[in-house]
Amino acid sequence: MHKPIRVTIEHDAPVSLGDKLEIISHVHPRGSTEQFGAELADRTVITLTYAVGDETKAVASLFAL
């Protein structure tokens, strides 16, 4: 059985045509997610960082409801 998830996206800067976009995935285990808010401390949060070179363009956070 799959649980519903919520996705939040924080957009910092545009990606230009021709940019080499890299997507970096990271799993933040339960108990280490206080940076996402106290209500998520008991959940795993997956982040997808969209970067061009050393510049972060956007970050998506995914977690179970």
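Structure: see above.
Here the structure is a predicted model, which means the values were calculated and not measured.

A.B. asks: So, the overall build of the chain: which residues are in play, and what are the values?
C.D. replies: Summing up its helical and strand segments, the chain has zero helices and four strands in all. What you see in the chain, going N to C, is helices and strands ordered as β-β-β-β. C-alpha extents for the chain along the principal axes are approximately 40 × 25 × 15 Å. Per-residue burial over the chain gives 23% buried out of 65 residues. Here the analysis covers contacts within the chain between residues at least 6 apart in sequence; of these, 46% occur between residues at least 24 apart. Of the roughly 4900 Å² of accessible surface on the chain, 56% is carried by carbon and sulfur atoms. Separation of charge centres in the chain, based on 6 positive and 9 negative side chains, amounts to 10 Å.

A.B. asks: Break down the pairing of strand E4 (residues 55-64) for me, citing the residues and quoting the values.
C.D. replies: Pairing between strand E1 (residues 5-11) and E4: seven bridges, direction antiparallel. The residue bridging Ile5 from the neighbouring strand is Ala64, located in E4. The pairing of strand E3 (residues 45-52) with E4 spans eight bridges and is antiparallel. Bridging across to E4, Val45 finds its partner in Phe63. Linking E3 back to E4 in an antiparallel pair, the connection comprises two residues, with Gly53 at a positive phi of about 65°.

Analysis parameters
- Residues numbered from 1 in each chain as written.
- Predicted model: local features only at pLDDT ≥ 70, side-chain atom pairs only at ≥ 80, totals over all residues.
- Heavy atoms only, no water.
- Helix = DSSP H or I, 4+ residues; strand = E, 2+ residues; numbered from the N terminus.
- Buried < 20%, exposed > 50% of the residue type's maximum accessible area, 1.4 Å probe, protein only.
- Contact = heavy atoms within 4.5 Å.
- Areas by Shrake-Rupley, 256 points an atom, 1.4 Å probe, with all protein chains shown as cover.
- Lys, Arg positive; Asp, Glu negative; His and termini not counted.
- Charge placed at Lys NZ, Arg CZ, Asp CG, Glu CD.
- Pairing = 2+ DSSP bridges.

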